[in-house]
Amino acid sequence: MGRGDGHDDALRRWLREAGGWLVVDGALGTELEAHGADLQDELWSARCLVSAPHLIRKVHLDYLDAGANIITTASYQATLQGFQSRGVSREQGEALLRRSVQIAQEARAIFVEGRSKGPYAARDEYDGVASRARRPVLVAASVGSYGAYLADGSEYTGDYGRSVTKEALKNFHRRRLQVLADAGPDLIAFETIPNKLEAQAYAELLEENDISIPAWFSFTSKDGANAASGDPITECAAIADSCRRVAAVGINCTAPRLIHGLVLSISKVASKPIVVYPNTGETYVAETKEWVDSAAAGGGAAGTDFVSCVGKWRQAGASLVGGCCRTGPATVRAIARALREADAASDADADDDYPAVAVL
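Keep in mind that what you see is a predicted model, and the values were worked out from it rather than measured.

K.L.:
Can you walk me through the packing of helix α4 (residues 53-66) against helix α6 (residues 90-112) in this structure?
P.N.:
What describes two packed helices is the angle between their axes and the distance between those same axes. Relative to each other, α4 and α6 sit at 45 degrees, their axes nearing to 9 Å. Accordingly, the angle class assigned to the pair α4 and α6 is oblique. Considering how the two elements wind past one another, α4 and α6 form a crossing that is right-handed. Facing P53, I56, R57, H60, L61, L64 and D65 of α4, the residues of α6 in contact are R99, I103, A104, E106, A107, R108, I110 and F111.

K.L.:
Would you mind showing me how to read the nonpolar core here?
P.N.:
Membership of the largest hydrophobic core comes to 85 residues, with the highest contact counts inside it found for L49, I188, F190, L206, F217, F219 and W313. With eight residues, the top contributor of residues to this core is α6. With residues up to four places along the chain from it excluded, the contact list for I188 reads A141, V143, L177, A181, I211, I213, P214, A215 and W216. Formed by 22 residues, the second largest nonpolar core is a distinct cluster that contains A10, L138, V275 and C324.

K.L.:
Please clarify how the pattern of salt bridges should be interpreted in this entry.
P.N.:
For side chains of opposite charge, pairing can occur when their charged atoms come near one another. Going through the model one piece at a time under the given rule, you end up with 18 salt bridges. Across the salt bridge formed by R108 and D186, the nearest N and O atoms sit 2.7 Å from each other. Within this pair, whereas R108 is found in helix α6, its partner D186 is found in the loop between α8 (166-182) and β4 (187-193), the two being separated by 78 residues in sequence. With relative accessibility at 19%, the residue R108 sits in the buried group.

K.L.:
Please explain the state of the cysteines as it appears in this structure.
P.N.:
Simply put, the disulfide is a covalent bond whose two ends are the sulfur atoms of two cysteines. The final tally for this structure, using the stated rule, is zero disulfides. The closest cysteine sulfur to the non-disulfide-bonded C324 is located on C253, 3.8 Å from its own sulfur. For C324, a relative accessible area of 11% gives the class buried. Here C325 is not disulfide-linked; the sulfur of C253 is the nearest cysteine sulfur, at 3.6 Å. The exposure class assigned to C325 is buried, which follows from its relative accessible area of 11%.

K.L.:
Sorry if this is basic, but what is going on with the UniProt feature "binding site: Zn(2+)" (unreviewed entry) in the protein here?
P.N.:
The feature "binding site: Zn(2+)" (unreviewed entry), as given by UniProt, occupies C253, C324 and C325 in the numbering adopted here. The annotated residues occupy 73 residues of the chain but converge on a single region, no pair of C-alpha atoms lying more than 6.3 Å apart. Within the secondary structure, C253 is located in the loop between β6 (246-252) and α11 (256-269). Among the residues examined, C253 registers a relative accessible area of 4% and is labelled buried.

Basis of the calculations
Residues numbered from 1 in each chain as written. Predicted model: local features only at pLDDT ≥ 70, side-chain atom pairs only at ≥ 80, totals over all residues. Heavy atoms only, no water. Axes fitted to C-alpha atoms, helices over the stretch in contact; angles between N-to-C directions. Helix = DSSP H or I, 4+ residues; strand = E, 2+ residues; numbered from the N terminus. Parallel < 35°, antiparallel > 145°, perpendicular 65-115°, else oblique. Left-handed = near helix turned anticlockwise from the far one by under 90°. Contact = heavy atoms within 4.5 Å. Core = buried A, V, L, I, M, F, W, Y, C linked by side-chain atoms within 4.5 Å. Buried < 20%, exposed > 50% of the residue type's maximum accessible area, 1.4 Å probe, protein only. Salt bridge = Lys/Arg side-chain N within 4 Å of Asp/Glu carboxyl O. Disulfide = S-S within 2.5 Å. UniProt positions renumbered as here; feature names shortened; annotations may be inferred.

And the structure:
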């Protein structure tokens, strides 16, 4: 198992400051569409970096107001190659990558200064959103997989074809990763990783580019035992755990019903904090670019109430919890509440372990 260094220690310090767990935000694209953005584009949410940066900032603020400790940038689908295919120069593309981090940092500043005015702004103290003393508040630069750039659903299969080698993946991601890191985020989130090959490419890139910002690797799974490609999740997690520049490892954009078993599997091979942010249990259909009920897609019923499982995930070892596709600020608020309640229940159980002392 991996040993902590400066990268691992930074995240562990933030976890201690937050009381042992951190809340990750929810879906960006879902909320942008709810605010009227048209994302019918291969750039997806990254399109709003050009057309509607104010909407991105608003969504970030809504998540912070709802209780998120970590907001992820609108760079999941933002790649230099994708921008260039739309006539955006390399220099402009790099500026947009930097802008994704800046927008999130601007939202954080507004939140910390107490200037939020949205529907999820400060309510009662129990909800955990009224106090600006809740720390830390972190920005994670999102790095989507090569499959996300292809926009053909292959981030959910890991099938990139035999011509896509580890070196090809490194060359694809290298400059984008460096630009995002240089923009000054607190974390780098490598998201929806579908196979072992891309995880190996990321791990080597972090070393080769001497990236000093803590990273997390989150994989996607369809069966609860393997990454989307069929690579065993334990082998994928072991790659992340062995990289000294990776601070956490986990799962995202996966059905909630699979998360508990995946956390248990990851904890067998990884000593680093575990991050989980599932989707709502629906299935993405690449041909129509729509989410449908899992039963309708042949994947079985979702059958899991998302938030009711949070305490179980926490007990199994997850310490960073949020939502992915189809979740929103209301989900994040419920996650934050569920984590507090899980800790309160754990503390109560611990108190029950001590025998009563008779007072003479």
